[in-house]
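Coordinate analysis (summary)
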Amino acid sequence: MSVKETLLEFASALSAPHDYFAPNARQSPISTSSESGSSSPELPPTFTDIFQSEGINRQSSTNYVDWELLFSDPQVAASQSRGTIMQRTQSIMEFQQLMKNDAKSALRSELDRLGNTASTDKKEAIKRDFENFETLFKRFLLKSGPSIVWNEIKSPPEGYIRSYGEISAGPMQSSEQELLSKLVVVKLNGGLGTSMGCTGPKSLISVRSGLTFLDLTVQQIESLNKLYDASVPLVLMNSFNTHDDTNMILRKYSSCNVKIYTFNQNRYPRINKESLLPIAQTCDDPLEAWYPPGHGDVYECFAKSGLLKKFLDEGREFMFVSNIDNLGATVDLRILNMLANPADQSKPCEFVMEVTDKTRADVKGGTLIEYEKKLRLLEIAQVPKEHVDEFKSVTKFKIFNTNNLWMKMSAVQRLSDASELDMEVIVNNKRLSNGTNVIQLETACGAGIKNFNNAIGINVPRSRFLPVKKTSDLLLVMSNLYELTHGSMRMSSHRQFPTTPLVKLGDEHFSKIHKFLGRFANIPDMLELDHLTVSGDVTFGKDVTLKGTVIIIANHGERIDIPSGAFLENKIVSGNLRILDH
């Protein structure tokens, strides 16, 4: 009998009528034959007993865990086994609990073994990381189906999503210098540039005029400090992937008028999807065996770094958190003024999420809802499959999260000290270079909104959301669509309409930066562009102008060279066009 068949038989047996409160309540409904051939009652087998009976050592990293059994809805699974609905449901819940207890026990054992491989100077830090990971793992095991009931979702009540125009219209009740004295800027700097073919930190990718994301961020804050005679500090949340390279490059900013601090987020072990055990064999295993667990780490790691307490002791009150690759995420004095001077002093706002209007390019972005009488971030991963299309609708869910977040630091301290930050666990599936399927358990920073008092969303202009995730985004910010001033990117004043063009570049020839840059003699004039699609082997000469809708498609085996000085307005170019040096 297979393990799965054994487990199902176990669940069915548990659902058979049995009085657990009778004098012989500890006798199991499962009977086995003795050597003499008679049947005698035995205690119910544990999940570990079943594995051992199949010759499996649960501490091994090659065991198989059936996700369907582990996370199935007991009510649904009950309809497929014997007994009454109540008995079947209860037996399946008991059975799932046995599986989860075994998974927790196996992980604990493996983490203890891993921890013993750490060098003496790193043991305490690794022990704390593992304790935090174990807590996250236990929360993951609590999952059973989607984390929300779709029919209980409501639109946020009136007043919970405020317009930026309304915020901007209010009077400035404090001077700019006074407001900035209360602020800390935190940039999420844990990501690598692998999606664009780079090996180091994404923040060190050149974006415009030879300047990197980090260069532009430092320029923004330095300009602010000089303009208002302020001393806003910049804090970078690094990961183990970005820590060394970032700290090395920070030396070049030593003469800037910006104090820069760093702290690291946690380093957690990647988990084999089939066994739910770490793939790492020692704490010194290659980087591929570890991962940073998402930007939801910012609360806990900022607190344990000591920086949160340091800034509170200095009299600072608010932190502005954003992705370092969002070039639109600059300090906004109007939002800071609203936080520092609440209309109702008895109900100060502890958390602001900047949202903006959703377009068809943003259909997967998280949105704000009211759920269980709280403002909550709804991510696509939490949506039941049958409602995904509804979630992507731009008519029902009209806004999405920019991940520009403002928080009251005393509230972060309070929640962190009490371990009361509750955020949904995101399961991120990955495949390693050797073909192993692994999972990463992560949390999102915006999901923390439900833990704060009087949290609101502010519907900001699209200009505050200018992320660079792909080379198509990079093409936009490198072009004359944007003007660069003191590290801040602004839509060109010469563009007649404020919408951002939709750009789609083919993966094979454009997705990696080194290939992308080799396709352009220089970046085309895109000031009046609405839509650009490029597919196949296409190159652009110097001083090309693109207007309206331009579609360029080179079929497989063909190539299109757009000649220097070409002017394309509302054109479709296809076929084969080669320009050769004579």
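Residues numbered from 1 in each chain as written. Predicted model: local features only at pLDDT ≥ 70, side-chain atom pairs only at ≥ 80, totals over all residues. Heavy atoms only, no water.

Next up on the list: the pattern of salt bridges. Within the structure shown, the criterion is met by 26 salt bridges. Note that Lys-252 and Asp-215 form a salt bridge whose closest N and O atoms lie 2.9 Å from each other. With Lys-252 in the loop between helix 10 (243-249) and strand 8 (260-264) and Asp-215 in helix 9 (residues 213-228), this pair connects stretches of sequence that are 37 residues apart. Between Lys-450 and Glu-424 there is a salt bridge, and its shortest N-O distance comes to 2.5 Å. Of this pair, Lys-450 sits in the loop between strand 18 (437-442) and strand 19 (456-459) while Glu-424 is found in the loop between helix 15 (409-417) and strand 17 (426-431), placing the two residues 26 residues apart along the sequence. By relative accessible area, which is 13% here, Glu-424 ends up buried. When salt bridges that share partners are traced, they join Arg-376, Asp-422, Glu-424 and Lys-450 into one network. (Salt bridge = Lys/Arg side-chain N within 4 Å of Asp/Glu carboxyl O. Helix = DSSP H or I, 4+ residues; strand = E, 2+ residues; numbered from the N terminus. Buried < 20%, exposed > 50% of the residue type's maximum accessible area, 1.4 Å probe, protein only.)

Here we come to the nonpolar core. Leu-183 and Phe-540 are the most contacted members of the largest nonpolar core, which has 71 residues in total. Discounting chain neighbours no more than four positions away, the residues touching Phe-540 are Phe-510, Arg-519, Phe-520, Ala-521, Pro-524, Val-534, Leu-546, Ile-552 and Ile-562. With 36 residues, the next largest nonpolar core counts Leu-188, Met-353, Val-355 and Met-407 among its residues. (Core = buried A, V, L, I, M, F, W, Y, C linked by side-chain atoms within 4.5 Å. Contact = heavy atoms within 4.5 Å.)

Once that is clear, we can look at helix 15. Counting along an α-helix, one turn takes 3.6 residues, and residues three or four places apart therefore face a common direction. For helix 15, the full list of buried residues reads Met-409, Ala-411, Val-412, Gln-413 and Leu-415. Next to the buried residues of helix 15 lie strand 4 (183-189), helix 11 (298-304), helix 12 (307-313), strand 12 (318-323) and strand 16 (399-408). Immediately downstream of helix 15, the backbone of Ser-419 shows phi near 55°, a positive value.

As a further point, take the packing of aromatic side chains. Using the criterion set out here, one finds 17 aromatic pairs in the structure. Geometrically, the ring pair formed by Phe-133 and Phe-137 is tilted, given 6.3 Å between the ring centres and 40° between the ring planes. Of the two residues, Phe-133 and Phe-137 are both situated in helix 6 (residues 123-141); the distance of four residues between them amounts to about one turn of the helix. These aromatic residues form a ring-pair network of at least three members: Phe-133, Phe-137, Phe-140, Tyr-268 and Tyr-291. Between Lys-358 and the ring centre of Phe-391, over which it is positioned, the NZ or CZ distance is 5.1 Å. The lysine or arginine in question, Arg-519, covers the ring of Phe-510, its NZ or CZ lying 5.9 Å from the ring centre. (Phe/Tyr/Trp six-rings, centres within 6.5 Å; stacked < 30°, edge-to-face > 60°. Lys NZ or Arg CZ within 6 Å of the ring centre and 35° of its normal.)

This next bit is on the sheet that holds strand 13 (residues 351-357). Spatial ordering of the open sheet is given by 3-19-13-16-12-4-7-8, a layout of eight strands whose pairing is mixed. Only two strands of the sheet have a single partner each, and these edge strands are strand 3 (161-163) and strand 8. Taken over all neighbouring pairs, the strand axes of this sheet differ in orientation by 30° on average, direction set aside. Across the face of the sheet, helix 13 (residues 333-340) comes into contact with strand 3, strand 4, strand 12, strand 13, strand 16 and strand 19 while running at roughly 145° to strand 13. (Pairing = 2+ DSSP bridges. Axes fitted to C-alpha atoms, helices over the stretch in contact; angles between N-to-C directions.)

Among the secondary structure elements, Ser-239 is positioned in the loop between strand 7 (234-238) and helix 10. Classification of Ser-239 as buried rests on a relative accessible area of 0%. In this structure Ser-239 touches Asn-189, Gly-190, Asn-264, Gln-265 and Pro-292, once residues within four positions along its chain are discounted.

A few words now on the confidence of the model for the chain. Counting all residues, the mean pLDDT for the chain is 85, and 83% of those residues have values of 70 or more. Across residues 14-48, where pLDDT falls below 50, the model places 46 contacts with residues more than four positions away in sequence or in other chains. Contacts of residues 50-62 to residues separated by more than four positions or lying in other chains number 33 contacts, the stretch itself having pLDDT below 50. (pLDDT = per-residue confidence, 0-100.)

Now for the environment of Phe-465. On the secondary structure map, Phe-465 appears in the loop between strand 19 and helix 16 (471-478). Spatially, the C-alpha atoms of Phe-465 and Ala-329 are 6.6 Å apart, while their sequence positions differ by 136 residues. If we ignore the near neighbours within four places in the chain, the residues touching Phe-465 are Asn-326, Thr-356, Phe-400 and Thr-402.

Our next topic: the sheet that holds strand 17. As summarised here, the arrangement of the three strands in space is 10-18-17, forming an open sheet in which the pairing is antiparallel. The strands lining the two open edges of the sheet, one partner per strand, are strand 10 (271-272) and strand 17. Sheet topology note: the strand 10/strand 18 ladder contains two bridges and is antiparallel. Note on strand 18: the bridge partner recorded for Asn-272 is Val-438. Of the strands in this sheet, strand 10, strand 17 and strand 18 touch helix 6, which is tilted by about 100° from strand 18.

Its 16 residues place the ends of helix 9 23 Å apart at the C-alpha level, agreeing with the 22 Å of an ideal helix rising 1.5 Å per residue. Among all positions in helix 9, only Phe-213, Leu-214, Asp-215, Leu-216, Thr-217, Val-218, Gln-220, Ile-221, Glu-222, Leu-224 and Asn-225 are buried. With its phi angle positive at about 50°, Asp-229 sits one or two positions after the end of helix 9. (Expected span 1.5 Å × (residues − 1).)

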